[in-house]
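Observations on the three-dimensional arrangement
So you can see what is in the structure, the chains are spelled out below.
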Amino acid sequence: MKRILTAGLLALAPFAAGIAGADTIFFRDGTTLDGKVSQPHPNVVRLEVEGGNLSFPASSVLRIEENDKVGRYTLRTNPHTLRHITQMEETTGLTGDEQAEMFKLLEPLSSEDSAERHRAAQAILAVAEEKDIVDFLAHVTTSTTERYLPQVLEIIAELDPVRAREVSQMHLSQQHPTSRSAALAQLARVGGGEVVATVAQGLVDHEPEVQVIAAQSLGQTGARAATPALLDALSSPNARVRVASEQALRQLWGVTEDKSPQEWQSHWNQNRASVPDPINTASLTPLVEKEDPLTTTAYHE
């Protein structure tokens with residue numbers, strides 16, 4: 001049975017989890033492409049084909065039909081594919097063949113095997129010794145899934161900390177918690193003291209996963225100004241958030257022994273005068289608003 005998704009539904013990003021099987025994208029200019037469709041970002045449609053991945057603005061898509069077709073790169077016959085490759089060459093400086101090779105190197109980053117992910121990252125860093133791939137990696141983050149966004153951001157941070165800060169900030173508003181978590185972690189890694197308040201916003205996120213990463217990242221920044229917000233997080237109903245916040249406080253203050261929340265509060269009361277511009281939870285707002293399941297449009301047959 002065919003499934004058809006119109007551009008109107010597409011704009012609501014119901015593809016976040018991906019669609020099984022193959023699909024055909026019908027573009028507004030009358031061209032089509034076959035492959036497996038997903039939508040990792042509200043403004044981007046991603047197509048997996050034999051030989052790599054292609055990404056297109058959601059606004060250029062008229063509809064999507066699920067079928068059993070298999071996509072391939074067809075540079076000579078498909079104007080959309082050729083246009084995409086050409087635009088990527090202009091944006092990233094890599095040829096079509098170089099892009100395809102990079103996509104192959106990126107794919108193992110989503111492996112559940114940490115050793116395989118490490119080998120893939122090392123292979124990509126080795127390529128970076130020969131050519132500038134930062135623009136390509138930054139562009140990839142706009143259309144990649146949360147599966148390997150954390151690894152791509154980490155590689156960018158290794159190659160160009162300033163660019164990593166820019167790219168990480170761009171992903172702070174992603175709806176998927178793994179994407180926000182990855183962005184916070186890398187922002188804390190490369191941003192220095194100027195990003196502490198932004199990282200602290202993760203403590204009031206509606207997802208515990210993001211709260212945990214925010215607490216861990218704050219501990220790594222060394223910014224004692226985050227202490228009041230971390231103290232509030234010690235009363236979180238989530239055990240992982242409480243543990244991460246307590247560990248962060250230990251890092252910030254060089255404490256090795258266990259302390260109760262009351263003891264931490266006493267410690268702060270005694271030392272707060274030495275810490276300028278403390279960050280209080282009341283001053284923080286979530287990075288994104290919590291989605292209302294009653295207003296979220298799902299994908300239906």
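Coordinates for the structure precede this section.
Heads up: these notes are all about the structure in this document. From a predicted model like this one, the values you see are computed outputs, not experimental measurements.

Take unusual backbone geometry next. Even without a glycine there, the phi angle at D277 is positive, about 50°. Residue position: D277 is located in the segment after α13 (261–271). For D277, a relative accessible area of 67% puts it in the exposed group.

On to the nonpolar core, then. Nonpolar side chains tend toward joint burial in soluble globular proteins. Membership of the largest hydrophobic core comes to 36 residues, with the highest contact counts inside it found for L184, L203, L218, L230, W253 and W264. Apart from the residues within four sequence positions on either side, L203 is in contact with Q211, A214, A215, L218, A229 and L230. In terms of nonpolar packing, the next biggest core, distinct from the first, is built from 27 residues, L137, V140, V152 and L153 among them.

Further remarks concern the environment of R119. Its place among the elements puts R119 in helix α4 (residues 114–128). Along the sequence, R119 and P108 sit 11 residues apart, while their C-alpha atoms lie 8.5 Å from each other.

Its location among the elements puts Q216 in helix α10 (residues 208–221). Counting along the chain gives 31 residues from Q216 to A185, while the straight-line C-alpha distance between them is 8.3 Å. In contact with Q216, other than residues within four places in its own chain, are A244 and Q251.

With five of its seven residues buried, strand β6 (residues 61–67) lies for the most part within the structure. Bridging between strand β2 (residues 22–27) and β6 involves six bridges; their strand directions are antiparallel. Looking across to β6, one finds that F26 is bridged to R63.

Once that is clear, we can look at the packing of helix α3 (residues 96–106) against α4. Put simply, α3 and α4 touch, their axes get as near as 9 Å, and they point 150° apart. Our classification of the angle between α3 and α4 gives roughly antiparallel. The residues of α4 that touch α3, namely those facing M102, L105 and L106, are A120, A123, I124 and V127. Residue composition of the contact of α3 with α4, by class: seven nonpolar, no polar and no charged.

Analysis parameters
- Residues numbered from 1 in each chain as written.
- Predicted model: local features only at pLDDT ≥ 70, side-chain atom pairs only at ≥ 80, totals over all residues.
- Heavy atoms only, no water.
- Helix = DSSP H or I, 4+ residues; strand = E, 2+ residues; numbered from the N terminus.
- Buried < 20%, exposed > 50% of the residue type's maximum accessible area, 1.4 Å probe, protein only.
- Core = buried A, V, L, I, M, F, W, Y, C linked by side-chain atoms within 4.5 Å.
- Contact = heavy atoms within 4.5 Å.
- Pairing = 2+ DSSP bridges.
- Axes fitted to C-alpha atoms, helices over the stretch in contact; angles between N-to-C directions.
- Parallel < 35°, antiparallel > 145°, perpendicular 65-115°, else oblique.
- Nonpolar A, V, L, I, M, F, W, Y, C, P; charged D, E, K, R; others polar.

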